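# Notes for the structure review
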Amino acid sequence: MKVSELLKTENGHNCHLCRVAVDHLTVTAEGDTLLKDVSLHIHCGRLTALVGPNGAGKTTLIRALLGQIGYQGAIEHQDAQGKHFGAIRTGYVPQHFPFDKQMPVTVCDLLASVMTKRPVWLGVSKKTREEVARTLSIARAEGLMDKRLGALSGGELQRVLLALALYPLPDLLILDEPVSGVDQNGLSTFLDVVDELTRKNHLAILLVSHDWAVVRRYADEVVLLDRTVRAVGRPDEVFESAAFRELFPVSGLAADITGR
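Anyway, here's the lowdown on the structure attached to this text.

Cut-offs applied
- Residues numbered from 1 in each chain as written.
- Predicted model: local features only at pLDDT ≥ 70, side-chain atom pairs only at ≥ 80, totals over all residues.
- Heavy atoms only, no water.
- Pairing = 2+ DSSP bridges.
- Helix = DSSP H or I, 4+ residues; strand = E, 2+ residues; numbered from the N terminus.
- Axes fitted to C-alpha atoms, helices over the stretch in contact; angles between N-to-C directions.
- Buried < 20%, exposed > 50% of the residue type's maximum accessible area, 1.4 Å probe, protein only.
- Lys, Arg positive; Asp, Glu negative; His and termini not counted.
- Salt bridge = Lys/Arg side-chain N within 4 Å of Asp/Glu carboxyl O.
- Polar contact = N/O pair within 3.5 Å; in protein donor to acceptor, adjacent residues only side chain to side chain.
- Contact = heavy atoms within 4.5 Å.
- Phe/Tyr/Trp six-rings, centres within 6.5 Å; stacked < 30°, edge-to-face > 60°.
- Parallel < 35°, antiparallel > 145°, perpendicular 65-115°, else oblique.
- Left-handed = near helix turned anticlockwise from the far one by under 90°.
- Expected span 1.5 Å × (residues − 1).
- Arc of directions from axis to C-beta.
- 1 Å grid on protein atoms, 1.4 Å probe; cavity = no way out; pocket = protein on both sides within 12 Å on 5 of 7 lines; lining within 4 Å.
- Points joined across faces, edges and corners; volume = space filled by probe spheres on them.
- Nonpolar A, V, L, I, M, F, W, Y, C, P; charged D, E, K, R; others polar.

## Looking at the sheet that holds strand β1 (residues 19-29)
Read from one edge of the open sheet, four strands run β2-β1-β4-β5, paired in antiparallel fashion. Of all strands in the sheet, those bounded by a partner on one side alone are β2 (32-43) and β5 (84-86). Mean inter-strand twist for the sheet, computed between neighbouring axes without regard to direction, equals 35°. In the sheet, strand β4 (residues 72-78) pairs with β5 via two bridges, with the strands oriented antiparallel. Of the residues in β5, the one forming a bridge with Gln78 is His84.

## Brief notes about the side chain of Glu177
Mapped onto the elements, Glu177 comes out in the loop between β7 (172-176) and α6 (184-200). For the buried Glu177, which has no salt bridge, the nearest side chain bearing the opposite charge is Lys58, at an N-O separation of 6.5 Å. Here His210 takes part through its side chain, which lies 2.4 Å from a polar atom of the side chain of Glu177. Among all residues touching Glu177, those that are not within four sequence positions of it are Gln95, Val208, Ser209 and His210.

## Here we look at the packing of aromatic side chains
Counting across every chain of the model gives six aromatic pairs. Relative to Phe239, the ring of Trp212 has its centre 5.7 Å away and its plane inclined at 75°; by these criteria the two rings are edge-to-face. With Trp212 in helix α7 (residues 212-218) and Phe239 in helix α8 (residues 235-239), the pair connects residues that are 27 residues apart, well separated along the chain. The same class applies to Trp212 as to Phe239, namely buried. Both rings, one in Phe239 and one in Phe244, keep their centres 5.1 Å apart while their planes meet at 65°; by these two values the pair is edge-to-face. An aromatic cluster is defined as three or more aromatic residues linked by ring pairs; in this entry it consists of Trp212, Phe239, Phe244 and Phe248.

## Here's the deal with the packing of helix α5 (residues 154-165) against α6
The geometry of α5 relative to α6 is characterised by a closest axis approach of 8 Å and an angle of 20° between their N-to-C directions. With respect to α6, the axis of α5 lies roughly parallel. Where α5 crosses over α6, the two elements pack in a sense that is right-handed. Judged by residue contacts, Gly155, Gln158, Arg159 and Leu162 of α5 engage Gly186, Thr189, Phe190, Val193, Val194 and Leu197 from α6.

## Section: the pairing of strand β8 (residues 204-208)
A large share of β8 lies buried, amounting to five of its five residues. Side chains of β8 alternate between two faces, with Ala204, Leu206 and Val208 and Ile205 and Leu207 buried alike. The pairing of strand β3 (residues 46-51) with β8 spans five bridges and is parallel. Bridged to Leu47 within β8 is Ile205.

## Side note on α6
The terminal C-alpha atoms of α6, which comprises 17 residues, lie 24 Å apart, in line with the 24 Å expected from a rise of 1.5 Å per residue. Within the sequence span of α6, burial applies to Gly186, Leu187, Phe190, Leu191, Val193, Val194, Leu197 and Thr198. What you see down the axis of α6 is that its buried residues fit within an arc of 155°, all on one side. When the buried face of α6 is taken as reference, the exposed residues oriented beyond 90 degrees from it are Gln184, Asn185 and Lys200. If you follow the buried residues of α6, they end up packed against β3, α4 (126-138), α5, β7, β8 and α7.

## Concerning the side chain of Gln78
For Gln78, the location among the structural elements is in strand β4. Relative accessible area serves as the criterion here: at 11%, Gln78 is assigned to the buried category. Looking at Gln78, its side chain comes within polar contact range of the side chain of Glu76, at 3.1 Å. Once residues lying within four places of it in the same chain are set aside, the contact partners of Gln78 are Cys18, Arg19, Ala21, Lys83 and Phe85.

## Re empty space enclosed by the protein
Take a probe with the size of a water molecule and roll it over the atoms, and the empty space left behind shows itself. Scanning the entire structure with this criterion turns up two cavities of 30 Å³ or more. Considered as a void within the structure, the second largest cavity measures approximately 40 Å³ in volume. For the second largest cavity, the full set of lining residues is Ala112, Thr116, Arg118, Val120, Gly123, Val124, Ser125 and Thr128. Broken down by class, the residue content of the lining of the second largest cavity amounts to three nonpolar, four polar and one charged.

## Brief notes about unusual backbone geometry
In this structure, the amide linkage connecting Tyr167 to the following residue, Pro168, adopts the cis form with an omega of -10°. Tracing the chain through its elements places Pro168 in the loop between α5 and β7. Of note, Glu30 is a non-glycine position whose phi angle comes to about 50°, a positive value. By the secondary structure assignment, Glu30 is in the loop between β1 and β2. The exposure class of Glu30 is exposed, given its relative accessible area of 86%.

Spelled out as structure tokens, the structure:
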């Protein structure tokens, strides 16, 4: 049985106590320390925003969470008592998804290629189409099923990639600047879907973002990273911290942070 089925309160709400725990993580490459002694918790049923200046190690931390690079320290899936659950099932939505926009590939083709071993050029079975539709509906993208990938707007593509990351439903969902360059309507729709996922599906979600207004509105917790963790807390607490003001000059940021 998955953790998401185990750890519920009696009224069905997420307990917020199980987590992906990063413990004293250090990453080095060619003598350079990319991350040093990073410790943080990404709790289930909550959206944790990861912020920091360019070069702070955000991409390195993501790669460590995805198992793409080696590290010292530990990354564990833990229950409320800190007991290890086992392997972490991780979904990932990248900032960019490069592909040939002229390819005659539909959204259904893309998801079906992941869901079945059958070559999509042989056709997609009714059963697989139904599974694709169910998965897309989680990201409010079921109406895009037969649309060609190259014809999708930026916001539509990100919702399709979100649906892809949710198959099968992960324990940890990583969103790496997923709405960078997306128009306002696409941004709002995508983030509303993420907010719904956070509350209803018991996912631990890590959002990397430079959009302070988005972080303030949607994040439950913020981690400020600069090769190590400089501050952790609610958005207001981190934005008002000395560490944040040191890394990001106050001049010109007030409007971004407050959303005004």
